[in-house]
Amino acid sequence: MMPTDPSTATFEQHRPRLLRLAYRMLGSASEADDIVQEAWLRWRRVDPGDIEQPAAWLARAVTRLCLDTLKSARARREAYVGNWLPEPIFEPEDSGPALDDLTLSLMMALERLSPLERAAFLLHDVFGTPLTEVAVTLGRDAAAVRQMAARARRHVRDARPRYPVTRDEGDRIARAFYAASNQGDLAGLRSLLADAVVLTADGGGKSTAWRRPIVGLDHVVRLFEGLHRKLTHEPSVLVDWAWIDGLPGYVSYERDGALQTTALEIEDGRILSIFITRNPDKLIAATGLAASRSVFH
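Residues numbered from 1 in each chain as written. Predicted model: local features only at pLDDT ≥ 70, side-chain atom pairs only at ≥ 80, totals over all residues. Heavy atoms only, no water.

## Examining the overall build of the protein chain
Each helix and strand counted, the protein chain has eleven helices and six strands in total. In terms of principal-axis extent, the alpha carbons of the protein chain reach across some 65 × 50 × 40 Å. Here the protein chain holds 297 residues, and the buried ones make up 50% of them. When contacts within the protein chain are restricted to residue pairs at least 6 apart in sequence, those whose partners lie at least 24 apart make up 67%. Accessible surface computed for the protein chain: about 14,400 Å², of which carbon and sulfur atoms make up 53%. Separation between the mean location of the 38 positive side-chain charges and that of the 40 negative ones in the protein chain comes to 5 Å. (Helix = DSSP H or I, 4+ residues; strand = E, 2+ residues; numbered from the N terminus. Buried < 20%, exposed > 50% of the residue type's maximum accessible area, 1.4 Å probe, protein only. Contact = heavy atoms within 4.5 Å. Areas by Shrake-Rupley, 256 points an atom, 1.4 Å probe, with all protein chains shown as cover. Lys, Arg positive; Asp, Glu negative; His and termini not counted. Charge placed at Lys NZ, Arg CZ, Asp CG, Glu CD.)

Given below as structure tokens:
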């Protein structure tokens with residue numbers, strides 16, 4: 001086996017952090033891979049000896065590439081069919097909530113920010129980049145970057161649960177929700193859901209999904225009641241339990257045969273948000289999980 005040259009070793013040391021940064025910026029694991037690959041090609045064209053701070057150089061390159069990508073991503077999302085959700089990624093089994101404290105629900109809050117505000121918040125508040133370095137990366141003065149990060153912080157603070165769910169509680173509630181929703185246990189569902197629960201499903205026009213969020217306890221319960229009544233002869237098939245973007249949930253083949261991920265935002269012991277992803281373009285990791293568990297529908 002050939003030894004790794006120092007330049008490659010340096011890049012590989014930072015690759016996991018760069019992938020997390022790109023994914024948090026774009027909400028797409030596949031696009032994040034492409035961005036980091038492009039950063040690698042740029043890294044190979046420079047002399048590492050001329051780079052005083054490789055971590056800062058690489059983060060700057062990835063951030064700027066993401067900002068360029070977001071210009072076209074905004075247009076694509078405006079034309080997207082139905083609700084758009086970030087591509088689900090699975091946290092390691094022993095990690096519980098998101099490694100960098102940004103759950104799927106908090107990423108949705110970041111979607112309402114401008115690309116520069118999102119970059120300022122991620123770099124400074126999540127990845128600990130000094131404000132002066134963030135300013136250089138974004139081509140803005142430090143005062144402007146401080147304001148952008150503060151605005152983003154307020155959005156995230158409003159969306160952040162007051163009491164993050166523990167691993168045990170999240171797993172328990174996810175299992176109870178799966179059982180109640182698939183058995184048509186309406187009383188059980190009502191006991192699990194918050195009054196203001198919101199269900200958001202992403203099919204991308206490629207798989208059946210509700211094109212608008214379903215809002216409120218009664219509406220969500222009626223939805224699952226209708227599904228159970230119409231499709232009771234086709235039971236859901238569980239692939240595995242999972243923590244998806246820092247939220248408890250599961251992967252399943254549903255009654256119509258479609259693979260989906262379900263992630264649950266929990267607050268005060270009740271499910272506040274249900275995020276369902278059914279767009280097959282976003283389920284590459286879930287398909288791999290189904291294959292590894294030998295579960296097919």
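Still more to cover.
## A few points about the sheet that holds strand β2 (residues 214-215)
Read across the sheet, six strands follow the order β2-β1-β6-β5-β4-β3 without closing on themselves; strand pairing throughout is mixed. The outermost strands of the open sheet, each flanked by one partner alone, are β2 and β3 (237-244). The pairing of strand β1 (residues 193-202) with β2 spans two bridges and is classified as antiparallel. Its bridge partner lying in β2, Val 198 is registered against Val 215. Relative to the sheet, helix α8 (residues 167-183) contacts β1, β3, β4 (247-253), β5 (259-267) and β6 (270-277), its axis offset from that of β4 by approximately 35 degrees. (Pairing = 2+ DSSP bridges. Axes fitted to C-alpha atoms, helices over the stretch in contact; angles between N-to-C directions.)

## Looking at the pattern of salt bridges
As enumerated under the stated definition, the model contains 15 salt bridges in all. Notably, a salt bridge pairs Arg 44 with Asp 5, separated by 3.4 Å at the nearest N-O pair. On the criterion of sequence distance, the pair formed by Arg 44 in helix α2 (residues 29-44) and Asp 5 in the segment before α1 (6-26) is long-range, its members being 39 residues apart. The shortest N-O distance in the salt bridge between Lys 282 and Asp 202 comes to 2.6 Å. On the criterion of sequence distance, the pair formed by Lys 282 in the loop between β6 and α11 (284-292) and Asp 202 in strand β1 is long-range, its members being 80 residues apart. (Salt bridge = Lys/Arg side-chain N within 4 Å of Asp/Glu carboxyl O.)

## As for the packing of aromatic side chains
Enumeration over the complete set of coordinates arrives at six aromatic pairs. Both rings, one in Tyr 178 and one in Trp 241, keep their centres 5.7 Å apart while their planes meet at 85 degrees; by these two values the pair is edge-to-face. One end of the pair, Tyr 178, is in helix α8; the other, Trp 241, is in strand β3, and 63 residues separate them in sequence. We classify Tyr 178 as buried; its relative accessible area is 12%. Three or more aromatic residues joined by ring pairs form one cluster here, namely Tyr 178, Trp 241 and Tyr 250. (Phe/Tyr/Trp six-rings, centres within 6.5 Å; stacked < 30°, edge-to-face > 60°.)

## A short note on the environment of Leu 26
Within the element layout of this structure, Leu 26 appears in helix α1. Sequence spacing of Leu 26 and Ser 114 is 88 residues, and the spatial spacing of their C-alpha atoms is 12 Å. The residues contacting Leu 26, other than those within four sequence positions of it, are Glu 31, Ala 32, Ile 35, Cys 66, Thr 69, Leu 70, Arg 77, Trp 84 and Arg 118.

## A short note on the side chain of Asp 240
Structurally, the position occupied by Asp 240 is in strand β3. Relative accessible area serves as the criterion here: at 18%, Asp 240 is assigned to the buried category. Separated by 2.7 Å, the side chains of Asp 240 and Arg 293 make a polar contact. With sequence-adjacent residues up to four places away left out, Asp 240 is seen in contact with Tyr 250, Val 251, Leu 289 and Arg 293. (Polar contact = N/O pair within 3.5 Å; in protein donor to acceptor, adjacent residues only side chain to side chain.)

## Some details on α2
When the terminal C-alpha atoms of α2 are compared, their 23 Å separation across 16 residues agrees well with the 22 Å that a helix rising 1.5 Å per residue should span. Where α2 is concerned, the buried positions are Ala 32, Ile 35, Val 36, Ala 39, Trp 40 and Trp 43. End-on view of α2: buried residues confined to an arc of 145 degrees, all on one side of the axis. Buried residues in α2 make contact with α1 and α3 (54-78). (Expected span 1.5 Å × (residues − 1). Arc of directions from axis to C-beta.)

## Details of the packing of helix α6 (residues 131-138) against helix α7 (residues 142-159)
Axis separation between α6 and α7 bottoms out at 9 Å; the angle between their running directions is 100 degrees. In terms of orientation, α6 and α7 fall into the roughly perpendicular class. Between α6 and α7, the residues in contact are Leu 131, Val 134, Ala 135 and Leu 138 and Ala 142, Val 145, Arg 146 and Met 148, respectively. The residue inventory of the contact of α6 with α7, partitioned by class, reads seven nonpolar, no polar and one charged. (Parallel < 35°, antiparallel > 145°, perpendicular 65-115°, else oblique. Nonpolar A, V, L, I, M, F, W, Y, C, P; charged D, E, K, R; others polar.)

## Some remarks on the packing of helix α5 (residues 115-126) against α6
Helix packing geometry: the angle between the two helix axes and the distance between the axes. At a minimum axis separation of 10 Å, α5 and α6 run at an interaxial angle of 145 degrees. For the crossing formed where α5 meets α6, the hand is right-handed. Of the residues in α6, those in contact with Leu 116, Ala 119, Ala 120, Leu 123 and His 124 of α5 are Leu 131, Val 134, Thr 137 and Leu 138. Its residues assigned to classes, the contact of α5 with α6 shows seven nonpolar, two polar and no charged. (Left-handed = near helix turned anticlockwise from the far one by under 90°.)

In short, geometric facts, not functional conclusions.
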